[in-house]
Amino acid sequence: MTPYYLTAPIYYVNAKPHLGHAYTTIVADTMTRFARLSGLDAMFITGTDEHGDKIVQAAAKAGRTPRELADEVSAAFRALWPELEAEPARFVRTSGPEHRAVVRAFLQKVHAAGDIYFGEYGGNYCYGCERFYTEKELENGLCPQHQVKPEYISEKNYFFRMSAYQDRLKRHILDNPGFISPERYRNEALSMLEGGVLDDLCISRPKTRLEWGIELPFDPDYVCYVWFDALLAYFTALGGPDSAEFERFWPESEHLVAKDILKPHAVFWPTMLMSAGLPLYRRLHVHGYWLSRAAKMSKSIGNVVPPLETARSLGLDAFRYFLLREMHFGSDADFSEEALTARYNADLANDLGNLFSRVLSMAARWCGGKVPAPEADTEAETDLKILASDSLADYQRFFADARFSDALEALWNLVRALNKYVDASAPWALAAAGDMERVNTVLYTLLECMRKTALHLRPVMPGKSALMLAQLGVPGGASGGAQTDSAQTSSSAGTRAGPPVGTLLGEVENFGLLPVGAPLAPASNLFPRVETDRSAAAKAKAGTRKD
Ligand code: MSP
């Protein structure tokens, strides 16, 4: 099986997880499940980024040691992922011994390549970002991320000769159009490499100023600068660059981040890899921010969306669906409970839930609750199948390109067409007229298209997808397929059995995989409609009128 390795960021432990962290990790999980359904040996990883000033300061504020704070917050991140049905294959902690060894070995390599030198540097330092800013990068003299005035710091430090790789990196980005996407971030990365010489990168902090970090292998008076530490987590998760797993997965590696950490991933990391003589990652996917009340979520504004409570309000799968459908990957999106409820009612309760409910109750009534055998197609079925295979092909194409919202929109073209087909073919009228051959054909066509829809939704809504497949009598629908998914996550390369037949995407034009005679659920209530303030008010009004 072709390997696929995706990384979500490793998150800082100075604050608890919020919706933004949940989003990236859920997207990573969704992409991994999609890759698996496409037949790849896929895994994703995440973890926590635990060293640096930011953590020391947060710990001091909380009256704790950095180690205590890191243990506590790291555990909170780790515990959140299964609650969101996100299944990272590895969870890396940068304060662990394996990671320390990987970072030190990497530093040695770059040092041996002659790309590390000792020098004095003075500059505007933002503690929040843990980096120096050039005058040009500041906005009105303030850090663009934190809107605070950076502090001027001058000290002796070690530097990575990043400038030496500027042209090579630029050429790589130009020669490989898919290296950074969407396009706007590729352009942003290219513009970072335009106009003058790229600054070299300060990679150390003197221990007199910071102790909570990994000691440089060539100078014990210094610890490693956070990005030279953090980015290496992507190696640690694979057992370091000398492991067999690294050899297998690294050439297929893809990173997923938000725009805030574009520069470290698009510029620092590839140049570091070039210096160490290692292959570059294959792709970098960059998304925008979730805003809350039109502002970036922050503790001080008080607009932080807690991921778990929100996820539970309408069910986890609905939450995952909403996140993927609402945000156009690459652009910012606004989160609100109202938008979540509106999508839930429109797309899930009305379109998808209603389809399952009406088709399964008709099959219970006229087909004895079993998948009926279809007769010859009429033009209506032929047209519907063309629409279905087009929608599913679009879905797969968009999904592979991280255009999740467009993918789901394409799938909903099918869901809506299926509801229209129910209305137009009116199986109740066919049954009343005794035309059971047509009833069976119409219901088989619907059930088979519903099976395909459910299967395609598996990466986004793993729980509901399994339930839908079980309701359709797909062998192993509820448990077998789900087991396949989770068994594969604990990823030991090459030892897995392939997924059961009919559980792979890609068979968009084959409309006969649902086994005739399979038992169907007698009823379905996948997404019960929820009352909103507006719908409750409308009902009350209608009630008054009737009275
Ligand atoms: N520790 C570094 C990453 C090192 S990766 C080698 C870091 N950590 S972080 O905790 O600040 O996480 C940043 C990431 O969290 C973003 O890139 C994004 O994936 C996610 N998000 C945090 N806030 C977000 C939003 N408001 N919206 C969307 N995603 C956001 O940077």
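All of these numbers come straight from a predicted model, not from anything done at the bench. (Residues numbered from 1 in each chain as written. Predicted model: local features only at pLDDT ≥ 70, side-chain atom pairs only at ≥ 80, totals over all residues. Heavy atoms only, no water.)

**Details of the site of the ligand**
The environment of the ligand is formed by 22 residues, the closest being Ile-10, Thr-24, Asp-49, Asp-260 and Trp-290. Backbone polar atom of Tyr-12 to an oxygen atom of the ligand: 3.0 Å apart, as the coordinates give it. Note that a nitrogen atom of the ligand is positioned 2.8 Å from one of the backbone N or O atoms of Trp-290. Taken by itself the ligand offers 670 Å² of open surface, and the protein chains cover 95% of this. Of all the secondary structure elements, the ones that give two or more residues to the shell around the ligand are strand S1 (3-12), helix H1 (19-37) and helix H7 (226-230). Element by element, the count of residues in the shell around the ligand is highest for S1, at 4 residues. For the shell around the ligand, the class distribution of residues is 13 nonpolar, 7 polar and 2 charged. (Near = heavy atom within 4 Å. Polar contact = N/O pair within 3.5 Å; in protein donor to acceptor, adjacent residues only side chain to side chain. Areas by Shrake-Rupley, 256 points an atom, 1.4 Å probe, with all protein chains shown as cover. Helix = DSSP H or I, 4+ residues; strand = E, 2+ residues; numbered from the N terminus. Nonpolar A, V, L, I, M, F, W, Y, C, P; charged D, E, K, R; others polar.)

**Observations regarding the domain arrangement of the protein chain**
For the protein chain, the domain assignment lists domain 1 (3-287) and domain 2 (318-483). Once you take the C-alpha centre of each, domain 1 and domain 2 turn out to be 40 Å apart. Contact residues are listed per partner, giving 22 residues for domain 1 and 23 residues for domain 2. Between domain 1 and domain 2, a total of about 1,900 Å² is buried, with carbon and sulfur atoms accounting for 71% of that surface. Our count for the contact surface shared by domain 1 and domain 2 stands at 3 salt bridges. A salt bridge links Asp-29 to Arg-320; its shortest N-O distance comes to 2.7 Å. Across the domain 1-domain 2 interface, the total number found is 9 residue pairs in polar contact (both at pLDDT 80 or more). If you list the elements that add at least two residues to the side of domain 1 that touches domain 2, you get H1, helix H6 (183-192) and strand S13 (283-287). (Domains from an automatic or database assignment. Contact = heavy atoms within 4.5 Å. Buried area = accessible area lost by both parts, 1.4 Å probe. Salt bridge = Lys/Arg side-chain N within 4 Å of Asp/Glu carboxyl O.)

**Here we look at helix H13 (residues 337-366)**
Here H13 contains 30 residues, and its C-alpha end-to-end distance of 40 Å stays within 8% of the 44 Å for a straight helix at 1.5 Å per residue. Largest kink in H13: about 40°, centred on Gly-353. Phi turns positive, to about 65°, at Gly-368, one or two residues after H13. (Expected span 1.5 Å × (residues − 1). Bend = angle between axes of the 7 residues up to and from the residue.)

**A look at the side chain of Arg-36**
By secondary structure assignment, the location of Arg-36 is in helix H1. What makes Arg-36 buried here is its relative accessible area of 4%. From its side chain, Arg-36 meets the backbone oxygen of Ala-42 in a polar contact 3.0 Å long. (Buried < 20%, exposed > 50% of the residue type's maximum accessible area, 1.4 Å probe, protein only.)

**Structural notes on the sheet that holds strand S8 (residues 201-202)**
Within the open sheet, the 4 strands sit side by side as S5-S4-S6-S8. Their pairing is antiparallel. If you trace the sheet from one side to the other, it starts and ends with strand S5 (131-133) and S8, each paired once. Taken together, the 2 bridges between strand S6 (residues 151-160) and S8 define a ladder with antiparallel strand orientation. In the sheet register, Phe-159 faces S8, and the bridge partner there is Cys-202. (Pairing = 2+ DSSP bridges.)

**Description of the sheet that holds strand S11 (residues 219-224)**
Overall, antiparallel pairing links the 3 strands, which are arranged S9-S11-S10 in an open sheet. Of all strands in the sheet, those with a lone pairing partner are strand S9 (204-206) and strand S10 (215-216), marking the two edges. Where S10 lies against S11, 2 bridges are found, and the strand directions are antiparallel. Paired with Leu-216 across the two strands is Asp-219, which belongs to S11.

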